[in-house]
Amino acid sequence: MKKYKHFYFPKIQHIRRLFFAVVVFFGAVSFSENTTAQNTIAYDTTYTFAHYKIRRAFYEGLPNRKHEIVFLGNSITENGDWNEIFRNKNIVNRGIGGDVCWGVLNRLDEVLSSQPKYIFLMIGINDIGRSVPVDIIAGKIQEIIWRIKAESPSTKVYLQSVLPINEEIIWYDYMKNKSDKIIELNEQLVSIAAKSKIQFLDLYSHFVDEKGNLKQELTADGIHLSAFGYLLWRDIFKEKGIRF
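Computed from a predicted model, the values in this text were never measured in an experiment.

A separate point is the nonpolar core. Counting 44 residues, the largest nonpolar core has Leu 108, Leu 121, Ile 141, Ile 144, Leu 159 and Leu 185 as its most contacted members. Ranked by residue count, the leading element in this core is helix α8 (residues 134-151), at seven residues. Discounting residues that sit within four places of it in the chain, Ile 141 has contacts with Cys 101, Leu 121, Ile 123, Leu 159, Leu 185 and Leu 189.

What follows is the structure in structure tokens.
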């Protein structure tokens, strides 16, 4: 029998990364062709505003730790004092106020460099505020999850629902009359989580009142949370048996 030597079998994570790169490349080509044909798109996907740059640079300058528990998202995440709320020193806050799906996808290198133990992802409300179509938002969130699974396969991902807003007190004009879009996006997130074989965490139903608004005692401005809102978030984790 002949003996064959020096065959190279790539590691599974390298195959996953290659697959993800191919998917993103062809998606980008398709997107580029569409936008070139139309010359413009009807919604804003930019993310390189000043606060994003400052927070991203800060996060990238921090050392990695073992067994990181990452809360990833926008201002609703950034405003949470997660270490105090959960009394766990392994929690790292990777929220950036004003961030959108494109911004999260662009800064995943830093998030995944520690191969975190958990990622709790909540994103999409600012995309809705910019009138990005729900299908586009959902597709970008799917990309984020694909990349996490490809580059950090041991990370357990929780996809959290987008929270309701309070239409009666919110003072951000760009966010008004968006409650139906939040419901629509959350419905798609349930399907994305099931397809991706990750856990979907329904926060929405705990934060919404009988009129479909974010409960007034949980917010000061109709979108961002009070301390009571973050404590409710913690209690939902306990109820769902999420321990870390």
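Before going further, it helps to examine the packing of α8 against helix α9 (residues 179-196). At a closest axis distance of 10 Å, the pairing of α8 and α9 adopts a crossing angle of 30 degrees. What the angle tells us is that α8 and α9 run roughly parallel. In this structure, α8 meets α9 at a crossing whose hand is right-handed. Facing Val 134, Asp 135, Ile 137, Ala 138, Ile 141, Gln 142, Ile 145 and Lys 149 of α8, the residues of α9 in contact are Lys 181, Glu 184, Leu 185, Gln 188, Leu 189, Ile 192, Lys 195 and Ser 196.

Another point: the sheet that holds strand β4 (residues 156-160). Sheet architecture is open: five strands sit in the order β2-β1-β3-β4-β5, paired in parallel fashion. The open sheet is flanked by β2 (91-95) and β5 (199-201), the only strands paired with a single partner. Taking the axes of each pair of neighbouring strands and ignoring which way they run, one obtains an average angle of 20 degrees across the sheet. Here four bridges tie strand β3 (residues 118-122) to β4, and the two strands are oriented parallel to one another. If you follow Phe 120 over to β4, its bridge partner there is Tyr 158. Where α9 meets the sheet, its contacts fall on β4 and β5, and the angle it forms with β5 comes to roughly 155 degrees.

Moving on, we get to the packing of aromatic side chains. Counted under the stated rule, the structure contains 22 aromatic pairs. Judged by centre distance (6.0 Å) and plane angle (5 degrees), the ring pair of Tyr 230 and Trp 233 falls under stacked. Of this pair, Tyr 230 and Trp 233 both sit in helix α11 (residues 227-239), three residues apart, which is roughly one turn of the helix. For Trp 233, a relative accessible area of 0% translates into the label buried.

About the cut-offs
- The residue numbering used here restarts from 1 in each chain and proceeds along that chain's sequence as written.
- Since the coordinates come from a predicted model, pLDDT governs what is reported: local features require at least 70, and pairs of side-chain atoms require 80 or more to be given and counted, while whole-chain, interface and lining totals use all residues.
- To obtain the side-chain values, all non-hydrogen atoms of the structure were used and water was disregarded.
- Put simply, a nonpolar core is a bunch of buried Ala, Val, Leu, Ile, Met, Phe, Trp, Tyr and Cys residues held in one set by side-chain atoms that sit within 4.5 Å of each other.
- Accessibility here uses a 1.4 Å probe with only protein chains present; expressed as a share of the type maximum, an area under 20% marks a residue as buried, one over 50% as exposed, and anything in between as partly exposed.
- Think of it this way: any DSSP run of H or I at least four residues long counts as a helix, any run of E at least two long counts as a strand, and we number them from the N terminus.
- In this description, contact between two residues means that some pair of their heavy atoms is separated by no more than 4.5 Å.
- Angles shown run from 0 to 180 degrees and are taken between the N-to-C directions of axes, each axis being a line fitted to C-alpha atoms and, for helices, limited to the stretch in contact.
- Note that the term roughly parallel is reserved for angles under 35 degrees, roughly antiparallel for angles over 145, roughly perpendicular for angles of 65 to 115, and oblique for everything else.
- In this scheme, a crossing is called left-handed if the near helix is turned counterclockwise away from the far one by less than a right angle; it is called right-handed if the turn is clockwise.
- Here the rule is simple: two strands pair whenever DSSP picks up at least two bridges between them.
- Each aromatic pair joins two rings of Phe, Tyr and Trp (for Trp, the six-membered one) with centres within 6.5 Å, and gets the label stacked for planes under 30 degrees apart, edge-to-face for over 60, and tilted for any other angle.

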